[in-house]
Amino acid sequence: MNQPNGLFTDQKLFPIYDKVRAQERLDLDDGLALYQTSDLLGLGHLANLVRERLHGSRAYYIYNQHINYSNICINGCRFCAFGKTRQDPQAYEMSLEEIFAKVRERLAEPITELHIVGGLHPDLPFSYYVEMLKGIKAIRPQVHIQAFTAVEIAHLAHIAQMSVIDTLETLKEAGLGSLPGGGAEVFSPRIRQALCPRKLPPEGWLEVAQTAHRLGLKSNATMLYGHIETMAERVEHLLRLRAAQDETDGFLAFIPLAFHPRNTKLEHLNDTTGFDDLKNLAVARLLLDNFPHIKAFWIMIGPKIAQLSLSFGVNDIDGTVMEERITHMAGAQTAQALTRAELLHLIREAGREPLERDTLYNVVS
Ligand code: V47
């Protein structure tokens, strides 16, 4: 076993260093050792080796706009401050015209992606979603619409009384470009039961994602961390995603989502720390050897940690965003938007070469 002097303070990282250099796949025990270590710099070094191998000095950002069309939701997840019942004074629902106005408002800006998600609305008809996509494409034909998490897709299939595959095909024909990665939370049955018993189960989430992949639609994947999950549950979540990716190879990016407790049923919990934020990103880079991209969502961890994460396995810091409600309703103190100049500054100061990408990671000139 190689014992690299000075690189690691935790000896348990030595055998993992050997595996990473030999490009061997890490297993459950390796994942646990990575999560258990306090040697953050050693962990970062390992993740950076993989990032460097895959992406060299390149780091991506995107010019995008988020639209959260409604927060009315039938799921009532305990970690969520965004979802409301229809009777709640804070409940809202955008008409199609309001959504189109949001798109028109920014027509002068070089947006390449619209990121659209919402709650599981009890009775908006399927035609609302289809017309949303068609209408947006009529206003902005070139834009890539990344919309509706796997959980929303399963809900829409239920509303439309259609199979998941037919639902996805109809949405794709209307202009859907890819699926965002939300709704995965933590796959552990214990967590689902405790925090989101009404949510689409993990098998359903994976089935929707893999069906999308088989239809040629790419998607992202996430994990919501920093609440009641154990390290083993985190590792198992990542390994399940890795196994799914082995089968359909349609995931573009993995994004760990830092739990924000304000205004949720878990308000007594602490915010995540910078240490754990970096750790989750680095461990993901190491375990998810078949995911091309690891993305830091600066809205949730702040631009400063997102910038540091570029040395901890991350090669993408998401984008301009513009208006985000899910994390801000749960107490996020971050801005609503970053400019292109701010994103470039963050990436350049970290010693990386900034590249603007579109949703599918083509470089935008
Ligand atoms: O699915 C809910 C999470 C997700 C809270 O695919 C919370 O590129 C933190 O998935 N604190 C939606 N997180 C956001 C999402 C996402 C974001 C950015 C990029 C992409 C992508 C996807 O937000 C939900 C849920 O897991 N969430 N409540 C909370 N209190």
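Residues numbered from 1 in each chain as written. Predicted model: local features only at pLDDT ≥ 70, side-chain atom pairs only at ≥ 80, totals over all residues. Heavy atoms only, no water.

*Asks:* How should the sheet that holds strand β9 (residues 316-319) be read in this particular structure?
*Replies:* Remark on secondary structure: sheet strands pair via backbone hydrogen bonds, oriented parallel or antiparallel. Taken in spatial order, the 3 strands make up an open sheet running β9-β1-β10, and their pairing is parallel. Two strands bound the open sheet, and with one partner strand each, they are β9 and β10 (353-357). On average, adjacent strands in this sheet sit at an angle of 25° to one another, irrespective of strand direction. In this structure, strand β1 (residues 58-62) lies alongside β10, joined through 5 bridges in parallel fashion. Bridge pairing in β10 links Ile62 to Arg357. Each of β1, β9 and β10 is contacted by helix α13 (residues 340-349), which is oriented at about 165° to β1, the strand it contacts most. (Pairing = 2+ DSSP bridges. Helix = DSSP H or I, 4+ residues; strand = E, 2+ residues; numbered from the N terminus. Axes fitted to C-alpha atoms, helices over the stretch in contact; angles between N-to-C directions. Contact = heavy atoms within 4.5 Å.)

*Asks:* Explain the site of the ligand to me, please; I cannot follow it from the model alone.
*Replies:* In the vicinity of the ligand there are 23 residues, among which Gly181, Gly183, Glu185, His260 and Lys295 approach most closely. A distance of 2.7 Å separates an oxygen atom of the ligand from a polar backbone atom of Gly181. Within the side chain of Lys295, a nitrogen or oxygen atom sits 2.8 Å from an oxygen atom of the ligand. Computed on the free molecule, the ligand has an accessible area of 610 Å², of which 95% lies beneath the protein chains in the complex. Contributions of two or more residues to the shell around the ligand are made by β6 (218-225) and β7 (251-258). Its residues assigned to classes, the shell around the ligand shows 12 nonpolar, 9 polar and 2 charged. (Near = heavy atom within 4 Å. Polar contact = N/O pair within 3.5 Å; in protein donor to acceptor, adjacent residues only side chain to side chain. Areas by Shrake-Rupley, 256 points an atom, 1.4 Å probe, with all protein chains shown as cover. Nonpolar A, V, L, I, M, F, W, Y, C, P; charged D, E, K, R; others polar.)

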